[in-house]
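Spelled out, the chains give:
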Amino acid sequence: MLADILPYRALERTLANGLRVIAVPTGFPNLVSLQIPVQTGSRNEVEPGKSGFAHFFEHMMFRGTPRFPNEAYEAVITRAGARQNAYTTDDYTNYHITCAAEDLETILDLEADRFMNLAYSEGDFKTEARAVLGEYNKSAADPLTKLLEVQRAHAFTTHTYKHTTMGFIADIEDMPNQFEYSKTFFERWYRPDNTTVIVAGDIDPEATFALVEKYWGPWASAPAARVVIPEEPAQPRAVVVHHHWGSPTLPWMSVGFHGPAFSESEQEFAALDVLLDLSFGETSELYRRLVEQEQIVDEFFPYLPSSADPGLATIFARVKKLGDLASVRNSVIEVLAAARDVPVTPERLEEAKSHARYSFVRTLDNSESIAATLARYVRHRRSYETLNALFRVYDSLTPADLQAAARRFIQDDNLVVTTLTHEHLGEDLGARPSLASFAARPAASPPPILVQASESPLLRFKFVFNGGSAYDPRGKEGLASLAAAMVADAGSATHRIDEINRALFPMAGSFESQVDKEMTTFTGVIHKDQAMKFAEIVLSQLVTPGYRQDDFSRLKESQLNALVQDLRANNEEALGKERLQANLFAGTRYAHPPVGTVAGIGAITLDDVRRFAATHYVSLNLSAGAAGALPEDFIGAVGIALGQLPRGTPATPPSVVAHQPRGVSIEIVQKDTRSVAISLGHPIEVTRSHPDFVALWLARTWLGEHRASNGRLYQRIREIRGVNYGAYAYIEAFPSGMYQFFPDPNRARHHQLFEIWIRPVRPEQAVIALKIALHELERLVVDGLSEEDFEQTREYLRKNVFVMTKTQDQQLGYALDSQWHGIGEFTGFMRDGLAALTADAVNAAIRRHLSYEDLAVVMIAGDAQALRDELLAGGFSPISYDGEKPGELLAEDQLIGARQLNLTEESIEVTPVEAVFAD
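We now turn to the structure provided with this report. All values reported here derive from a predicted model rather than from experimental measurement. (Residues numbered from 1 in each chain as written. Predicted model: local features only at pLDDT ≥ 70, side-chain atom pairs only at ≥ 80, totals over all residues. Heavy atoms only, no water.)

Some thoughts on the overall build of the chain
- Along its length, the chain carries 32 helices and 22 strands.
- The C-alpha radius of gyration computed for the chain amounts to 27 Å, which stays within 12% of the reference 29 Å derived for 919 residues, consistent with globular compactness.
- With the principal axes as the frame, the chain shows a C-alpha extent of 75 × 75 × 60 Å.
- When the accessible surface of the chain is split by element, carbon and sulfur atoms take 51% of a total near 33,100 Å².
- Of note, the chain has its 87 positive side-chain charges centred 1 Å away from the centre of its 121 negative side-chain charges. (Helix = DSSP H or I, 4+ residues; strand = E, 2+ residues; numbered from the N terminus. Rg over C-alpha atoms; globule rule 2.2 N^0.38 Å. Areas by Shrake-Rupley, 256 points an atom, 1.4 Å probe, with all protein chains shown as cover. Lys, Arg positive; Asp, Glu negative; His and termini not counted. Charge placed at Lys NZ, Arg CZ, Asp CG, Glu CD.)

Re the nonpolar core
- Counting residues in hydrophobic clusters, the biggest one holds 76 residues, and the most contacted among them are Phe461, Phe463, Phe522, Val609 and Tyr617.
- Among the elements that make up this core, the one with the highest residue count is helix H16 (residues 479–488) (nine residues).
- In this view, Phe463 contacts Thr520, Thr521, Phe522, Leu539, Leu542, Leu622, Ser623, Ala624, Val638 and Leu642; residues no more than four positions away in its chain are not counted.
- Judged by nonpolar contacts, the second largest core, of 72 residues, contains Trp702, Ala766, Leu777 and Ala861. (Core = buried A, V, L, I, M, F, W, Y, C linked by side-chain atoms within 4.5 Å. Buried < 20%, exposed > 50% of the residue type's maximum accessible area, 1.4 Å probe, protein only. Contact = heavy atoms within 4.5 Å.)

Things to note about the side chain of Lys885
- Structurally, the position occupied by Lys885 is in the loop between helix H31 (864–873) and helix H32 (887–897).
- For the buried residue Lys885, which engages in no salt bridge, the nearest side chain bearing the opposite charge is Asp124, 5.0 Å off.
- The contact partners of Lys885, leaving out residues within four places of it in the chain, are Gly123, Thr127, Ile720 and Leu890. (Salt bridge = Lys/Arg side-chain N within 4 Å of Asp/Glu carboxyl O.)

A closer look at the sheet that holds strand S20 (residues 752–761)
- Taken in spatial order, the six strands of this open sheet run S19-S20-S18-S21-S17-S22, and their pairing is mixed. In this open sheet, the two edge strands, each paired with only one partner strand, are strand S19 (727–730) and strand S22 (908–912). Ignoring which end each strand starts from, the neighbouring axes of this sheet average 15 degrees apart.
- With four bridges joining them, S19 and S20 adopt antiparallel strand pairing. Across the sheet, Tyr730 pairs through a bridge with Glu755, a residue of S20.
- Sheet contacts for H31: strand S17 (664–670), strand S18 (676–684), strand S21 (855–861) and S22; angle to S17, the most-contacted strand, approximately 160 degrees. (Pairing = 2+ DSSP bridges. Axes fitted to C-alpha atoms, helices over the stretch in contact; angles between N-to-C directions.)

Remarks on the pattern of salt bridges
- Taken as a whole and judged by the stated rule, the model has 66 salt bridges.
- In this structure, Arg554 engages Asp551 in a salt bridge whose closest nitrogen and oxygen atoms are separated by 2.9 Å. Here Arg554 and its partner Asp551 are both found in helix H19 (residues 549–569), three residues apart, which amounts to about one turn of the helix.
- Overall, the relative accessible area of 0% leaves Asp551 in the buried class.
- When the shortest N-O distance is used, the salt bridge between Arg712 and Glu776 registers 2.8 Å. Residue Arg712 is found in helix H25 (residues 712–719), and its partner Glu776 is found in helix H26 (residues 766–783); the two are separated by 64 residues along the sequence.
- Classification of Glu776 by relative accessible area gives buried; the value is 1%.
- One salt-bridge network, held together by shared partners, links Arg712, Arg716, Arg721, Glu776, Arg779, Glu892 and Asp893.

Observations regarding the packing of aromatic side chains
- The tally for this structure, following the rule as stated, stands at 46 aromatic pairs.
- With 5.1 Å between their ring centres and 50 degrees between their planes, Phe360 and Phe391 make a pair best called tilted. Here Phe360 is found in helix H12 (residues 346–361), whereas its partner Phe391 is found in helix H14 (residues 385–396), with 31 residues between them in sequence. Here Phe360 and Phe391 have matching classes, each one buried.
- Just above the ring of Phe62 sits the side chain of Arg114; from NZ or CZ to the centre is 4.4 Å.
- Positioned above the aromatic ring of Tyr881 is the side chain of Lys885, whose terminal nitrogen or guanidinium carbon lies 5.3 Å from the ring centre. (Phe/Tyr/Trp six-rings, centres within 6.5 Å; stacked < 30°, edge-to-face > 60°. Lys NZ or Arg CZ within 6 Å of the ring centre and 35° of its normal.)

With respect to unusual backbone geometry
- The backbone of Gln295 sits at a positive phi, close to 55 degrees, despite the residue not being glycine.
- Position of Gln295 relative to the elements: it lies in the loop between helix H10 (285–293) and strand S9 (297–303).
- For Arg382, which is not glycine, the phi dihedral falls at a positive 55 degrees.
- Tracing the chain through its elements places Arg382 in the loop between helix H13 (367–381) and H14.

Points about the environment of Arg83
- Note that Arg83 resides in strand S4 (residues 83–88).
- Placed 15 residues apart in sequence, Arg83 and Thr98 show a C-alpha to C-alpha distance of 5.6 Å.
- What Arg83 contacts, discounting residues up to four positions off in sequence, is His96, Ile97, Thr98, Glu705, His706, Arg707, Ala708, Phe741, Phe742, Tyr796, Asn800 and Val803.
- Within polar-contact distance, the side chain of Arg83 engages the backbone oxygen of Arg707 at 3.4 Å. (Polar contact = N/O pair within 3.5 Å; in protein donor to acceptor, adjacent residues only side chain to side chain.)

Overview of the sheet that holds strand S10 (residues 312–319)
- On the basis of which strands lie adjacent, the open sheet formed by five strands has the order S7-S11-S8-S10-S9 and mixed pairing. Each having just a single partner strand, strand S7 (239–244) and S9 make up the two edges of the open sheet. Strand-to-strand twist in this sheet, taken as the mean axis angle between neighbours without regard to direction, amounts to 10 degrees.
- Packed on one face of the sheet, helix H5 (residues 143–155) meets S7, strand S8 (252–258), S9, S10 and strand S11 (415–421) and runs near 145 degrees to S11.

Topic: the environment of Ser877
- By the element assignment, Ser877 lies in the loop between H31 and H32.
- As a C-alpha pair, Ser877 and Asp893 span 16 residues in sequence and 8.8 Å in three-dimensional space.
- Here Ser877 is in contact with Val767, Ile768, Lys771 and Gly897, once residues within four sequence places are set aside.
- In terms of polar contacts, Ser877 uses its side chain to reach the side chain of Lys771, at 2.9 Å.

What about the packing of helix H1 (residues 53–60) against helix H7 (residues 179–189)?
- Orientation of H1 relative to H7, taken along the N-to-C sense of each, is 90 degrees, at an axis distance of 11 Å. As far as their axial angle goes, H7 and H1 are roughly perpendicular. Facing H1, whose interface residues are Phe53, Ala54 and Phe57, H7 presents Tyr181, Ser182, Phe185 and Phe186.
- The class makeup of the residues in the contact of H1 with H7 is six nonpolar, one polar and no charged. (Parallel < 35°, antiparallel > 145°, perpendicular 65-115°, else oblique. Nonpolar A, V, L, I, M, F, W, Y, C, P; charged D, E, K, R; others polar.)

Focus on the pairing of S4
- Most of S4 sits inside the fold, with five of its six residues counted as buried.
- The sheet contact formed by S4 and strand S5 (residues 93–100) spans six bridges and is antiparallel. Bridge pairing links Gln84 to Ile97 in S5.
- In sequence, S4 turns back onto S5 through a hairpin of four residues.

Considerations on the packing of helix H9 (residues 267–280) against H12
- At a minimum axis separation of 10 Å, H9 and H12 run at an interaxial angle of 110 degrees. With respect to H12, the axis of H9 lies roughly perpendicular. Of the residues in H12, those touching H9 at Val274, Asp277 and Leu278 are Arg348, Leu349, Ala352 and His355.

Notes on H14
- Taking 1.5 Å of rise per residue, the 12 residues of H14 would be expected to cover 16 Å, and the 17 Å separating its terminal C-alpha atoms lies within 8% of that figure.
- For H14, the set of buried residues is Thr386, Leu387, Asn388, Ala389, Leu390, Phe391, Val393 and Tyr394.
- The inward-facing, buried residues of H14 abut H9, H12 and H13. (Expected span 1.5 Å × (residues − 1).)

A look at the side chain of His616
- Inspection of the secondary structure assignment puts His616 in helix H22 (residues 606–616).
- Note on His616: relative accessible area 9%, which makes it buried.
- Other than its neighbours up to four places away in sequence, His616 contacts Phe465, Asn466, Gly467, Tyr471 and Asn621.

Some thoughts on H32
- All of the buried residues along H32 are Leu889, Glu892, Asp893, Ile896 and Gly897. The buried residues of H32 occupy one face: seen down the axis, they fall within an arc of 130 degrees. Residues of H32 that are exposed and angled more than 90 degrees away from the buried face: Glu888 and Leu895.
- Structurally, H32 contributes buried residues whose contacts are with H25 and H26. (Arc of directions from axis to C-beta.)

A few points about the pairing of S8
- Most of S8 sits out of view: seven of its seven residues are buried.
- Going residue by residue along S8, you find Trp252, Ser254, Gly256 and His258 tucked away on one face and Met253, Val255 and Phe257 tucked away on the opposite face as well.
- As judged from the seven bridges shared by S8 and S10, these two strands associate in the antiparallel manner. The residue of S10 that forms the bridge with Ser254 is Phe316.

Quick look at the structure:
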């Protein structure tokens, strides 16, 4: 019999009030992860005009209770050094927090209190409603998000899956008027018999149950409301819908069909999941043809959500040229037709089963990941066994099962075809072909290696080369990124990338690159059972790259799209952060983002890639590390492979002299957007090897840790005023931080910046948001931290450093970064530094390194001229609220609104987005 996929012995109980409790001792020390999935999502929003409330309560649950108001709640979290957040889906809302094991009782008490005693005023409600609108605005720049909205709005006529988790925009805008209804929604769905408490980590299960009973047992279980989720009728005919996107974007297309609900006991869901991966995933013939060979598609993936009710199975594609949209759509439909007629081979199915199993095991490398994975599946039946049962179903699948599922769900009347383009579609797309119209068709001396041995069956190795985008030649900006991609995603001299992907698929292995200013990192991940075979395949990509012209053309075009489409057109927040760095390091090797510039990417040749790799991917530029339960011969094999690299010459750090602002200077990037994203800052000389690093790290944390709600900026801009979705501060660059809580390792730099990131605000509040940030920064520099603020932040960081280095990837990456910086092991270095700090030392470091007067600002705005005029006018900047606010806040608003920025015509520049990173 197949072994359970979950290797832990969990204990489960149901309290008298109906609350389900699952305790999982994981064997990982020090940390505990608490996940609380509530079986309430946008699916439960049954009344017309009331969409978005499940997501709204994800926000409101952080508003506080009589016992723990918001400030008190945040204080407890800070003292515990914990990180907490939440997310909402169609079917459930999950609240999660990771903390030191010693603080579990405190956190259980805290969380139980807010579930039982949530309290908020009408003013708080209205403030949060505007923050939710800000989150919607933040997502409005993404065409894929809109494609999903359009698809679901037309695919469903009755079921609440018709709207996405965010809800309909009209409902979001009307949300401030729904205060009374909000209470009804909360009482209806937030109930103990609708909730599960998962505790995983360094715990004693019986003691954990006793704590949950103590704090959660009093939660009263009122009679359940009789609410019926409407059932979606069968779709009478195929749905074909197009959406015009106002801004320039590559064409998007989706082909979907109504599929089954999730089930861990019946085969249809698992069968379709595997079938979609084999037919449209990265090892499929269609992916190889469209993405790698013909290179007419640069984004291509299937998606089958594990939804509580029957949802949509979808294949998404981003097409490079409008004229190819019809052929891509037809190719997808052709493969769907073949899936009904031709069964997959037993060999391919076994590969898929192996891939699914090993991929899942990769998620079990820390307690937080284990608990988070459980939350996604436990929420269905509130049972730990859901995952074990599901993988038994996966293992039982036969080719006939996959074909039977295809024949049931893949039918002409069941299809939903959606397109999104900027260009006029006209008649180019033509008529959608029927499924029946397609005939059936078959488918030197090695460098030292830093070793972090552990019991984890997941092995990871990292190769870090001194050679990032700061080493790009002039006029070839983007070369480092393209060279790395040609190693990681273009095959070896003996095997094409499609052959390598096919070989790696059953073992769920990965080999990826990351390029920053001064580092290029290659990371391999594999289960120990497959280590030697994996190493043989992927190390050849590094030692003997393939350098094929077709791969070069594909990756070069993909990199250009990453710059023009993903960064410049579709992500104002990341664009603002990158542009700020470019302005502060103008004229230096740091002035362009790692992805490059439009002209630079266009000028790169395949010979340039070969020369860059030969110069930088050499032994004397390399730091290597490996982690996990490493087989005896694995390190030897890696060392032998690395020994084949040329010895080379060590890279000389790039010469960089930062631009120090004098006064406030502002660049407004003109872009079609409904909100304004803001980044501001100045260079600093502090890196991890600097004596003031730990002191500035603490100050930055108090001011605004990335995506944490306990920071001063977050509290004053988002929490109290509801201006936006969050505001944070940094003393190290944090690229790719949109959807993660901690920075990726292996982005070490000799030159850094102090930065404040204000997430998008409404245009009428852009200037006041900037002034609020400057006001709070001035208070920090002038007044410093109080002894109490210092002690609370230090205690938080003392524990939080374990959370930020909880994964195998972070631990290995930070160890290599510490070698680069010449400091000790990172957690010990930080804790020792924190122990030696005083409030006076922190405040002195703040005054030495931070300025509130000399700053560069980047603002991404739809009406740049109006914003420029408002800034130059120098008048009072008002702010209004939907609800009542305390007198002291209104008085502070008067002070901040009157703040003068002292701007001149020369200190404000307007740049069209098309000119950003053009050359």
